[in-house]
Amino acid sequence: MIVRAIGIMILSMALLAMSDAFIKLAAQYAPMGQIMFAISTGGTLMFLVMARIKGFSLVNRDALHRMVLLRNLFEIVGAIGLVVGISKIPLSVFAAIMQVAPLLTILGAALFLGEEVGWRRWAAILVGLIGMLIVIRPFGSAFSGWELFAVLGVTGLAARDLVTRLAPSHIPALSMSAWGFAATIPVGLVIFLFETKPLDFAPITLMHLVGAVVFTAIGYLAVTAAMRMAPVSIIAPYRYARLIFTSALGILIFAERPDGYTLLGAALVLGAGLYSFLRERKLAQG
């Protein structure tokens, strides 16, 4: 089961990296509200079909469970930050910021779930946050402000993953995925109302949107399933594969060239995250 969970997590990171690339491609022509509405609606429909095939209904009391509703709220926060961040900043920068999510999950578990975190992991969290600041460089000339949306996105997704662990175990991952996507549908409409960029239905834009929908939905479901199949301390380190996948796509598709600060910050985040999880596993083994 653990090996399978690890494999699913790595696959999900590759799928989500492809989703990042398709979202950024679509953002060249379509407004952010259209992108979010398309991903939310398309993903929800895909999950409805999957649920129908599996023979269970998504309309039940579990959809109103307080942990599910809280998870949906964090899903909305994460989705807004993710779509805006990908649209406005280089994929390599976005990928580095997103890798702080596992460290934020550990931080949240310590602060809100009462999990014990020793000084070594606290130090690792601090190093990871410093790495993120090096990537963002909030007081540098390259700082645009859009990087803060990526920070908002990674915070929302980390909180979502934390709440996933608190949801009742009998609720299928598919159900939570569908409800999470459905919760973001009206958000896309609201964002569009404040944009001046017109809707774009050109074939190339629609192709990019379809790609974003498919890869986001499948990758999202894979993450949710993996998080529930094995302990977080074992599978979470494999989320860092997304840094490799997304950065590679940024270089290959968008001709990005990450500078030294971005590489240094990403290395600090990666090293801090891996050390933290290795330390947690060592403690768990006694």
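Check the entry above for the structure.
The rules we used
Residues numbered from 1 in each chain as written. Predicted model: local features only at pLDDT ≥ 70, side-chain atom pairs only at ≥ 80, totals over all residues. Heavy atoms only, no water. Helix = DSSP H or I, 4+ residues; strand = E, 2+ residues; numbered from the N terminus. Buried < 20%, exposed > 50% of the residue type's maximum accessible area, 1.4 Å probe, protein only. Polar contact = N/O pair within 3.5 Å; in protein donor to acceptor, adjacent residues only side chain to side chain. Contact = heavy atoms within 4.5 Å. 1 Å grid on protein atoms, 1.4 Å probe; cavity = no way out; pocket = protein on both sides within 12 Å on 5 of 7 lines; lining within 4 Å. Points joined across faces, edges and corners; volume = space filled by probe spheres on them. Nonpolar A, V, L, I, M, F, W, Y, C, P; charged D, E, K, R; others polar. Phe/Tyr/Trp six-rings, centres within 6.5 Å; stacked < 30°, edge-to-face > 60°. Lys NZ or Arg CZ within 6 Å of the ring centre and 35° of its normal. Axes fitted to C-alpha atoms, helices over the stretch in contact; angles between N-to-C directions. Parallel < 35°, antiparallel > 145°, perpendicular 65-115°, else oblique. Left-handed = near helix turned anticlockwise from the far one by under 90°. Patch = residues over 30% accessible without salt bridge, like charges linked within 9 Å, V, L, I, M, F, W, Y side chains within 5 Å. Areas by Shrake-Rupley, 256 points an atom, 1.4 Å probe, with all protein chains shown as cover. Salt bridge = Lys/Arg side-chain N within 4 Å of Asp/Glu carboxyl O. Core = buried A, V, L, I, M, F, W, Y, C linked by side-chain atoms within 4.5 Å. Expected span 1.5 Å × (residues − 1).

Engineer: Help me out: how do you make sense of the side chain of T164 in this one?
Structural biologist: Along the polypeptide, T164 turns up in helix α7 (residues 147-164). According to the relative accessible area criterion, T164 is buried, its value standing at 5%. At 2.8 Å, the side chain of T164 and the backbone oxygen of R160 are in polar contact. When neighbours within four sequence positions are excluded, T164 is seen to be in contact with R71, M176 and R228.

Engineer: Teacher, can you tell me more about empty space enclosed by the protein here?
Structural biologist: Summary: where empty space remains is shown by rolling a probe the size of a single water molecule over the atoms. Under the criterion given, the structure shown has three cavities of 30 Å³ or more. For the largest cavity, the calculated volume is near 330 Å³. Every element with two or more residues in the lining of the largest cavity is listed here: α1 (2-27), α2 (32-54), α3 (66-88), α7, α8 (173-183) and α10 (203-229). The biggest single contributor to the lining of the largest cavity is α3, with five residues. Considered class by class, the residues forming the lining of the largest cavity number eleven nonpolar, six polar and five charged. By volume, the second largest cavity amounts to about 90 Å³. In this structure, the second largest cavity is lined by M13, M98, Q99, A101, P102, L157, R239 and R242. A breakdown of the residues in the lining of the second largest cavity according to their chemical character gives five nonpolar, one polar and two charged.

Engineer: How should the packing of aromatic side chains be read in this particular structure?
Structural biologist: The geometry of an aromatic ring pair is captured by two quantities: the separation of the ring centres and the angle between the planes. For the structure on display, the rule yields three aromatic pairs. Taking the centre distance of 5.6 Å and the plane angle of 15° together, the rings of F22 and F215 count as stacked. Of this pair, F22 sits in helix α1 while F215 sits in helix α10, and the two are 193 residues apart along the sequence. Of the residues examined, F22 reaches a relative accessible area of 16% and is grouped as buried. With relative accessibility at 23%, the residue F215 sits in the partly exposed group. Their ring planes at 70° and their centres at 5.4 Å tell us that F47 and F181 sit as a pair that is edge-to-face. Taken together, the residues span a long stretch of sequence, with F47 in helix α2 and F181 in helix α8 at a distance of 134 residues. F47 sits in the buried class, given a relative accessible area of 0%. The exposure class assigned to F181 is buried, which follows from its relative accessible area of 4%. The ring of F254 carries K24 above its face, with NZ or CZ at 6.0 Å from the centroid. The ring of W146 carries K88 above its face, with NZ or CZ at 4.9 Å from the centroid.

Engineer: Looking at this model, I keep getting lost on the packing of α1 against α10. Mind explaining?
Structural biologist: Geometrically, a packed helix pair is captured by the angle between its two axes and the distance between the axes. With their axes 7 Å apart at the nearest point, α1 and α10 run at an angle of 155° to one another. Relative to α10, α1 is oriented roughly antiparallel. For α1 against α10, the interelement crossing comes out left-handed.

Engineer: Mind showing me how you'd approach a nonpolar patch on the surface here?
Structural biologist: Together, L111, F112, L113, W122 and L166 make up an exposed nonpolar region whose accessible area comes to about 510 Å². Locating L111 in the fold gives a position in helix α5 (residues 101-112). Overall, the relative accessible area of 54% leaves L111 in the exposed class.

Engineer: Looking at this structure, how should I read the nonpolar core?
Structural biologist: Most often, soluble globular proteins have nonpolar side chains that are buried together. Ranked by internal contacts, the top residues of the largest apolar core, which has 72 residues, are I35, F47 and I97. Contacts of F47, omitting those with residues within four sequence positions, involve L58, L174, S177, A178, F181, A217, Y220 and L221. Listed in part, the 14 residues of the second largest apolar core include I8, I234, I235 and A241.

Engineer: Just to check I follow, could you spell out the layout of surface pockets for this structure?
Structural biologist: Taken as a whole, the largest pocket encloses approximately 230 Å³ of empty space. The wall of the largest pocket is formed by 13 residues, among which L104, G108, F112, A159 and L162 lie closest to the centre. Of the residues belonging to the lining of the largest pocket, the class tally is eleven nonpolar, two polar and no charged.

Engineer: Explain α2 here, please?
Structural biologist: Two residues of an α-helix separated by three or four positions point the same way, owing to the 3.6 residues in each turn. With 23 residues, α2 ought to run about 33 Å at 1.5 Å a step, and its terminal C-alpha atoms sit 33 Å apart, in line with that. Of the residues flanking the end of α2, it is G55, one or two places downstream, whose phi is positive at about 85°.

Engineer: Mind showing me how you'd approach unusual backbone geometry here?
Structural biologist: A negative phi angle characterises most non-glycine residues, just as the trans form characterises most peptide bonds. In this model, R137 sits at a positive phi of 50°, which is unusual for a non-glycine residue. Structurally, R137 is set in the loop between α6 (119-136) and α7. Not every positive phi belongs to a glycine, and A255 is a case in point at roughly 55°. Examined against the element boundaries, A255 turns out to sit in the loop between α12 (241-254) and α13 (260-284).

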